[in-house]
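# Working through the structure, step by step
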Amino acid sequence: MTDFFQGIGKIRYEGPQSTNMLAFRHYDADALVEGKAMRDHFRFAVSYWHSFRGTGSDPFGPGTMIRPWETESDPLRMALKRVDVAFEFLEKLGCDFYCFHDRDVAPEGATLAESNHLLDVVADRLEEHQKSSGKKLLWGTANLFSHSRYVHGAATSPNVESFAFAAAQVKKALEVTHRLGGAGYVFWGGREGYQCLWNTDMKREVDHLAAFMHMAVDYAKEIGFTGQFYFEPKPREPMKHQYDFDSATCINFLRTYGLEKHVKMNIETNHATLAGHEMQHELEYSGMQGFLGSIDANTGDTLVGWDTDQFPTNIYLTTQIMYSILKYGGLAPGGVNFDAKVRRESFEPVDLFHAHIGGMDAFAHGLKIAAAMRADGRLQKLLDERYASWSGPLGKRIESGSESFTSLEKEMLARGESTPCSSGRQELFENVFNTYL
Ligand code: XUL
Ligand code: CO
């Protein structure tokens, strides 16, 4: 194997007592939780864009990352070398999947044909590495937001040729994702949204977005790609308003335009925060509607107002996430993609390991706690008790649809008043939750 990450060996599980910071304390890939190996609960993925293309730049300054392997001046040669780096990282980390945008892995050429060719060349290298390492592609996607042709959006651009170019780009990205055995394909809005409603025909733009997604679904069928499509909610940034605002908005869009059979949600924690929701809300909303697909694992900072995409380390958060995921039967064919970047101040290659080890361990710890909560059932019992009246004869009749306003009026006229409500016991619920941590 190559040795770009010198001095770092294979990251192993050493258990909660280990003081080795380049080891897992909780993530034990083959250990069973609720009868399923941890690796299959999570299907952890490294995001190519942050970890191998992220420079550390922010609105106030340029990149800071020290990446000793970034030595080639020819963009294609550099792209190929980076694939070697990425697979060494996956191998050493013991992470089974990765995710990419077309333009992260391969450079953009002067024409569409040239870009397609460059992507094919890099895909050859990705395929070779996948074959020899057994690593897999969780999902692919296309970058429809960086180039100036997408300045007003891609599928929602007022410029029809931006739409057409984006269609061609997604066609190619789907072909490559299919060829690499990708388990899914993600649509994230990019610049699909608006800054000002006076210069925006919202209805026309949203119609175009739906037409675009239908073309993608049709083309997937044509080439035999059976991976899961995902829509990734985000309320704002870069646009003031993004059409994929949150799970409820996305699900409404999918149902309105007849896409609900083909597309599920890819939910990102930091995007939930920006939408004014908790991640748990987004998971529960999607889960209860049958749209929970995959997650982008990261976290924001409530004191910094933008999408900081930090690695998750908060056990409270990961426990909530895993509790919802277990409740809705798991994520596969989706997974847990670290759409997260090391801080601008954490610029050495080893920081990539600390970041991913911490994230994987936080999730594994959360999974163990969530499973313990489910096994013991105390919280569920409290919840059932809160709704106990609905399990009585009246509740059952209402839930089965055999009551009406008229019959309920009759019932309440006879009773005169409803029985008093019982306490919500929020503090008790929260205290019970804390007993598992
Ligand atoms: C942007 C974001 C994207 C998507 C994939 O905020 O989350 O990286 O995950 O396009
Ligand atoms: Co994301």
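## A short note on the coordination of the cobalt ion (ligand 2)
Protein coordination at the cobalt ion (ligand 2): the donors are Glu232 (OE), Glu268 (OE), Asp296 (OD) and Asp339 (OD), at 1.9 to 2.2 Å from the metal. Bound by six donor atoms, the cobalt ion (ligand 2) shows angles of 79 to 172° at the metal and therefore octahedral coordination geometry. Along the chain, the residues that donate to the cobalt ion (ligand 2) are spaced as E-x35-E-x27-D-x42-D. Of this pair, Glu268 sits in strand E12 (residues 263–268) while Asp296 sits in strand E13 (residues 292–296), and the two are 28 residues apart along the sequence.

## Concerning helix H11 (residues 315–327)
Its 13 residues give H11 an end-to-end C-alpha distance of 18 Å, which sits within 8% of 18 Å, the value for a rise of 1.5 Å per residue. The element H11 is extensively covered by neighbouring structure, given that 10 of its 13 residues are classed as buried. Looking only at H11, the buried set comprises Leu317, Thr318, Thr319, Gln320, Ile321, Met322, Tyr323, Ser324, Ile325 and Leu326. The opening residue of H11, the one whose side-chain oxygen lies 2.9 Å from the backbone nitrogen of Tyr316, is Asn314. Gly329 sits one or two residues past H11 and shows a positive phi near 85°.

## So, the side chain of His50
Position of His50 relative to the elements: it lies in helix H2 (residues 48–53). Take His50: its relative accessible area is 13%, and that puts it in the buried class. Side-chain polar atoms of His50 contact the side chain of Trp49, separated by 3.4 Å. Of note is the side chain of His50, whose polar atom sits 2.7 Å from the side chain of Asp339. In this structure, His50 is in contact with Asp309, Asp339, Ala340 and Lys341, ignoring residues within four places of it in sequence.

## With respect to the side chain of His101
By secondary structure assignment, the location of His101 is in strand E6 (residues 97–101). Once you skip the residues sitting within four places of it in the chain, His101 turns out to touch Trp49, Thr141, Ala142, Asn143 and Phe145.

## Here we look at the pairing of strand E10 (residues 228–232)
Counting buried positions along E10 yields five of five residues, so the element is predominantly enclosed. Alternating positions in E10 separate into two faces, Gln228, Tyr230 and Glu232 on one and Phe229 and Phe231 on the other, with burial throughout. Strand direction decides the pairing type here: strand E8 (residues 184–188) and E10, joined by five bridges, are parallel. For Trp188, the partnering residue across the bridge sits in E10 and is Glu232.

## Things to note about the site of ligand 1
The environment of ligand 1 is made up of Trp49, His101, Trp139, Trp188, Glu232, Lys234, Glu268, His271, Asp296, Asp307 and Asp339. Asp296 has a polar side-chain atom sitting 2.8 Å from an oxygen atom of ligand 1. Bound to the protein, ligand 1 loses 93% of the 300 Å² it would expose on its own. When grouped by side-chain class, the residues that make up the shell around ligand 1 number three nonpolar, two polar and six charged.

## Details of unusual backbone geometry
That bond from Glu237 to Pro238 is cis: its omega, 15°, falls within 30 degrees of zero. If you trace the backbone, Pro238 turns up in the loop between E10 and strand E11 (241–242). The residue after Ala332, namely Pro333, is reached through a cis peptide bond having omega 10°. Locating Pro333 in the fold gives a position in the loop between H11 and strand E14 (336–338). The backbone of Glu34 shows a phi angle near 50°, a positive value even though the residue is not glycine.

## Notes on the packing of helix H13 (residues 378–386) against helix H16 (residues 426–435)
Here H13 crosses H16 at 165°, and the two axes come no closer than 10 Å. By the angle between their directions, the pair H13 and H16 is classed as roughly antiparallel. Our pair here, H13 against H16, has a crossing hand that is left-handed. Mapping the contact onto sequence places Arg378, Leu379, Leu382 and Leu383 in H13 and Leu428, Phe429, Val432, Phe433 and Thr435 in H16. Within the contact of H13 with H16, the residues separate by chemical class into seven nonpolar, one polar and one charged.

## Comments concerning the packing of helix H10 (residues 279–288) against H11
For the pair H10 and H11, interaxial distance at closest approach is 9 Å and the crossing angle is 5°. Classified by the angle their axes make, H10 and H11 are roughly parallel. Of the residues in H11, those touching H10 at Met279, Gln280, Leu283 and Glu284 are Leu317, Gln320, Ile321, Ser324 and Lys327. Among the residues forming the contact of H10 with H11, the class breakdown is four nonpolar, three polar and two charged.

## Here we look at the domain arrangement of the protein
If you check the domain split of the protein, you get domain 1 (32–376) and domain 2 (392–434). Once you take the C-alpha centre of each, domain 1 and domain 2 turn out to be 42 Å apart.

Procedures and definitions
Residues numbered from 1 in each chain as written. Chains lettered and ligands numbered in written order. Predicted model: local features only at pLDDT ≥ 70, side-chain atom pairs only at ≥ 80, totals over all residues. Heavy atoms only, no water. Donors = N, O, S within 2.8 Å, 3.2 Å for Na, K, Ca; no water. Tetrahedral: all angles 85-135°; square planar, octahedral: opposite > 155°, others 65-115°. Helix = DSSP H or I, 4+ residues; strand = E, 2+ residues; numbered from the N terminus. Expected span 1.5 Å × (residues − 1). Buried < 20%, exposed > 50% of the residue type's maximum accessible area, 1.4 Å probe, protein only. Polar contact = N/O pair within 3.5 Å; in protein donor to acceptor, adjacent residues only side chain to side chain. Contact = heavy atoms within 4.5 Å. Pairing = 2+ DSSP bridges. Near = heavy atom within 4 Å. Areas by Shrake-Rupley, 256 points an atom, 1.4 Å probe, with all protein chains shown as cover. Nonpolar A, V, L, I, M, F, W, Y, C, P; charged D, E, K, R; others polar. Axes fitted to C-alpha atoms, helices over the stretch in contact; angles between N-to-C directions. Parallel < 35°, antiparallel > 145°, perpendicular 65-115°, else oblique. Left-handed = near helix turned anticlockwise from the far one by under 90°. Domains from an automatic or database assignment.

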